[in-house]
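Now for the letters of each chain:
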Amino acid sequence: MNIPSNTSQPRSRNGSKKTASAKTGQPRARRSRTPAAPVVPDPTREIAYDIVRGVIENRRMLETTLGRSQEAREAEPRDRAAAHRLGAATLRHLGTLSTVLEPFLRKQPPEPVRVALLIGACQLLFLETPPHAAVGTTVNLLRRRDLAPFAGLANAVLRKVATQGVTLLEGLDQERLNIPGWMWSSWKYLGPGVARKIARGLAQEAPLDLTLKSDAPPMEEGIVLPTGSVRFPAGTRVPDLPGFEEGTFWVQDAAAALPARLLAAKPGEHVADLCAAPGGKTAQLACTGAQVTALERDPARLERLKENLTRLKLDTVRTVCADAAAWQPEAPLDAILLDAPCSATGTARRHPDALWIKRPRDFAALIEAQTGLLAAAARMLKPGGRLVYAVCSLQQEEGPDQARKIAGQFGLKADPIRPEEMQDLPEALTPEGWVRTHPGLWPDLGGMDGFFAARFIKES
Ligand SMILES: C[S@@+](CC[C@H](N)C(=O)[O-])C[C@H]1O[C@@H](n2cnc3c(N)ncnc32)[C@H](O)[C@@H]1O
């Protein structure tokens, strides 16, 4: 990487750019005087370190690193969850942390050392970790990763960060720093000030939202949101919630619950969910009494979808492992939900890695895949059939541009969403009749993910 364009090349005090002195830390730094005793691993920091390095150095998704890491698989669930939170917090504050560290680094350290410093600084400035723990664990981590010669540097830098504490954050435009420059500019189309509202929303850890089955008893705890989802604080353990075993609810951001509702599936209708796993929207469709086919091309993700539907006792859904761009139903369908693969920038509250992984040049392939899936969906519909196209993206190219381009193509015409359908969230309805949510909405309730949805009808 790496890291953000605004922070990737920390500058020395005189402003000149420094380049990394070595790939993996063969140092020009001063040798640590701390004796090299065997160091006990700390699974939380070790896993968080791999997560953040995966994102910064390889543009690898956080969940991918977690899934691949043997250490993560063998860790206690508590340590794994703590690692996820620490990695995610570091990525959420990445621009700020890079800026804070800059004056303390006379030379740009190798990237693996810089990542350890970012995680250490995140603990000190945002997670209220006691200084001895944040500094000590960073030093130990570097020793365990064959970066012992940088232990002294880490010790000195993080002690300074600990001493100055949150005063280091004064005067920083954190909202701006924590969003890559190109992405901030790309959100200008949403209107004046919206990029900043989104950044403010992204600075918070996302709460836990649940969608309840239509016949589920009301939950005694949690806040019922205007759109009907039930919200719990971030960090709530899902399996501990009443009704989990019985399958009365599933986890789904309040904004993610909107697209399936716009399809207005009716009992007995033949409906397909074309990109279905892990199945939140499939479950919503199944609850309407429609005959639902859920398509997913990734076998492992399809298994997860099946497990979710089993827990929810939604056993009428037909599941198919197939590429939706090539699949054909036995008979034309009444309605289709296409929750297309996308950049996922709208989910950056839950997945802050999404901010740093995608680049502008990645969009062309995504747009091509979305267009192919839209064309395929149009072929599957009966005349008068409905299609909802949704993406969890904040990007114009994947949302409004696609909706404009598709209306009038493949026999599809726009079917604008009506104000009465969005009475519980009128601020998300656009003048074109699309739904556009973003993390800056509901600031007092804890925000929501970014989704775009547009509806079409197949012409006769
Ligand atoms: C945005 S996620 C869907 C989330 C899901 N609709 C939900 O609400 O839980 C996109 C999913 O589409 C799948 N996918 C991507 N391209 C596909 C294709 N051509 N055919 C079928 N599934 C596809 C991905 O594997 C991924 O699981």
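Fair warning: this is a prediction, and the values are worked out from it, not measured in the lab. (Residues numbered from 1 in each chain as written. Predicted model: local features only at pLDDT ≥ 70, side-chain atom pairs only at ≥ 80, totals over all residues. Heavy atoms only, no water.)

Some words on the UniProt feature "domain: SAM-dependent MTase RsmB/NOP-type" (unreviewed entry) in the protein chain
Logical step 1: As annotated by UniProt and renumbered to match this structure, "domain: SAM-dependent MTase RsmB/NOP-type" (unreviewed entry) occupies residues 184-459.
Logical step 2: Structurally, residues 184-459 comprises 25% helix and 21% strand, and the distance from its first C-alpha atom to its last is 38 Å. (UniProt positions renumbered as here; feature names shortened; annotations may be inferred. Helix = DSSP H or I, 4+ residues; strand = E, 2+ residues; numbered from the N terminus.)

Here we look at the side chain of Glu46
Logical step 1: Looking at the secondary structure, you find Glu46 in helix α1 (residues 43-58).
Logical step 2: Since its relative accessible area comes to 2%, Glu46 is described here as buried.
Logical step 3: For Glu46, the residues in contact, after removing those within four places along its chain, are Pro41, Glu71, Leu141, Arg144 and Arg145. (Buried < 20%, exposed > 50% of the residue type's maximum accessible area, 1.4 Å probe, protein only. Contact = heavy atoms within 4.5 Å.)

Thoughts on the pairing of strand β6 (residues 291-296)
Logical step 1: Burial within β6 is extensive, with five of its six residues counted as buried.
Logical step 2: Bridge count between strand β5 (residues 270-273) and β6: four bridges; the pairing is parallel. Residue pairing in the sheet places Ala272 in a bridge with Thr293 of β6.
Logical step 3: For β6 and strand β7 (residues 318-321), the ladder comprises four bridges, and the chain directions are parallel. Within β7, the position partnered with Glu296 by the bridge is Cys321.
Logical step 4: Note on the crossover from β6 through helix α14 (residues 299-311) to β7: the handedness is right-handed. (Pairing = 2+ DSSP bridges. Right-handed = clockwise from strand over helix to strand, strands pointing away.)

Description of the site of the ligand
Logical step 1: Close to the ligand lie 18 residues, the nearest being Lys281, Glu296, Arg301, Asp323 and Asp339.
Logical step 2: Between Ala324 and the ligand, the recorded distance is 2.9 Å, taken from a backbone N or O atom to a nitrogen atom.
Logical step 3: Contact with the protein chains covers 87% of the free accessible surface of the ligand, which is 610 Å².
Logical step 4: Taken together, the residues of the shell around the ligand break down into nine nonpolar, two polar and seven charged. (Near = heavy atom within 4 Å. Polar contact = N/O pair within 3.5 Å; in protein donor to acceptor, adjacent residues only side chain to side chain. Areas by Shrake-Rupley, 256 points an atom, 1.4 Å probe, with all protein chains shown as cover. Nonpolar A, V, L, I, M, F, W, Y, C, P; charged D, E, K, R; others polar.)

As for the confidence of the model for the protein chain
Logical step 1: Across the protein chain, the average pLDDT comes to 92, with 92% of residues at 70 or higher.
Logical step 2: Contacts of residues 1-32 to residues separated by more than four positions or lying in other chains number 69 contacts, the stretch itself having pLDDT below 50. (pLDDT = per-residue confidence, 0-100.)

A short note on the packing of aromatic side chains
Logical step 1: Overall, the coordinates contain three aromatic pairs when judged by the stated rule.
Logical step 2: Seen from their ring centres, Phe244 and Phe249 are 6.2 Å apart, and the 45 degrees between their planes marks the pair as tilted. No difference in accessibility class separates Phe244 from Phe249, as the two residues are buried.
Logical step 3: The aromatic ring of Phe249 is capped on one face by Arg311, whose charged end is 5.7 Å from the ring centroid. (Phe/Tyr/Trp six-rings, centres within 6.5 Å; stacked < 30°, edge-to-face > 60°. Lys NZ or Arg CZ within 6 Å of the ring centre and 35° of its normal.)

Points about the pattern of salt bridges
Logical step 1: What the rule picks out here adds up to 28 salt bridges.
Logical step 2: Ionic pairing is found between Glu269 and Arg386, a salt bridge with its closest N-O pair at 2.7 Å. Here the residue Glu269 occupies a position in the loop between α12 (258-263) and β5, and Arg386 occupies one in strand β9 (residues 381-391), the gap between them amounting to 117 residues. In this pair, the class of Glu269 matches that of Arg386, namely buried.
Logical step 3: The salt bridge partner of Arg455 is Glu421, with a shortest N-O separation of 2.7 Å. Of the two residues, Arg455 sits in strand β12 (residues 452-458) while Glu421 sits in the loop between β10 (412-414) and β11 (435-436), which places them 34 residues apart along the sequence.
Logical step 4: One continuous salt-bridge network, built from bridges that share partners, spans Asp415, Arg418, Glu420, Glu421 and Arg455. (Salt bridge = Lys/Arg side-chain N within 4 Å of Asp/Glu carboxyl O.)

Regarding the UniProt feature "active site" (unreviewed entry) in the protein chain
Logical step 1: UniProt tags Cys392 as "active site" (unreviewed entry).
Logical step 2: By the secondary structure assignment, Cys392 is in the loop between β9 and α17 (400-406).
Logical step 3: In this structure Cys392 comes out as buried when scored by relative accessible area, which is 16%.
Logical step 4: The contacts of Cys392, once residues within four sequence positions are left out, are Cys342, Ala344, Thr345, Gly346, Thr347, Gly450 and Phe451.

What about the nonpolar core?
Logical step 1: Membership of the largest hydrophobic core comes to 70 residues, with the highest contact counts inside it found for Leu274, Trp327, Ile336, Leu338 and Leu387.
Logical step 2: Other than its neighbours up to four places away in sequence, Leu274 contacts Leu295, Ala324, Trp327, Ile336, Leu337, Leu338, Ala377 and Met380.
Logical step 3: Counting 61 residues, the second-largest nonpolar core is a separate cluster that includes Ile56, Phe104, Leu168 and Trp356. (Core = buried A, V, L, I, M, F, W, Y, C linked by side-chain atoms within 4.5 Å.)

Concerning the environment of Trp442
Logical step 1: Relative to the assigned elements, Trp442 resides in the loop between β11 and β12.
Logical step 2: Assessed through its relative accessible area of 8%, Trp442 is described here as buried.
Logical step 3: Remark: the alpha-carbon pair of Trp442 and Pro226, spanning 216 residues in sequence, is separated by 9.9 Å.
Logical step 4: Among all residues touching Trp442, those that are not within four sequence positions of it are Leu225, Pro226, Thr227, Arg231, Ala254, Leu425, Glu427, Gly447 and Met448.

Let's talk about the domain arrangement of the protein chain
Interface extent is often summarised as the accessible area lost during association of the parts.
Logical step 1: We note that the domain assignment places domain 1 (43-176) and domain 2 (242-458) within the protein chain.
Logical step 2: Just the C-alpha atoms count here: the centres of domain 1 and domain 2 sit 35 Å apart.
Logical step 3: At the junction of the two partners, domain 1 supplies 12 residues and domain 2 supplies nine residues.
Logical step 4: Together domain 1 and domain 2 conceal approximately 870 Å² of surface at their shared face, both sides included; 62% is due to carbon and sulfur atoms.
Logical step 5: In this assembly, domain 1 and domain 2 are joined by zero salt bridges.
Logical step 6: For the pair domain 1 and domain 2, the interface holds five residue pairs in polar contact (both at pLDDT 80 or more).
Logical step 7: Among the elements of the structure, α2 (62-68), α4 (77-92) and α5 (94-101) are those that each provide at least two residues to the side of domain 1 that touches domain 2. (Domains from an automatic or database assignment. Buried area = accessible area lost by both parts, 1.4 Å probe.)

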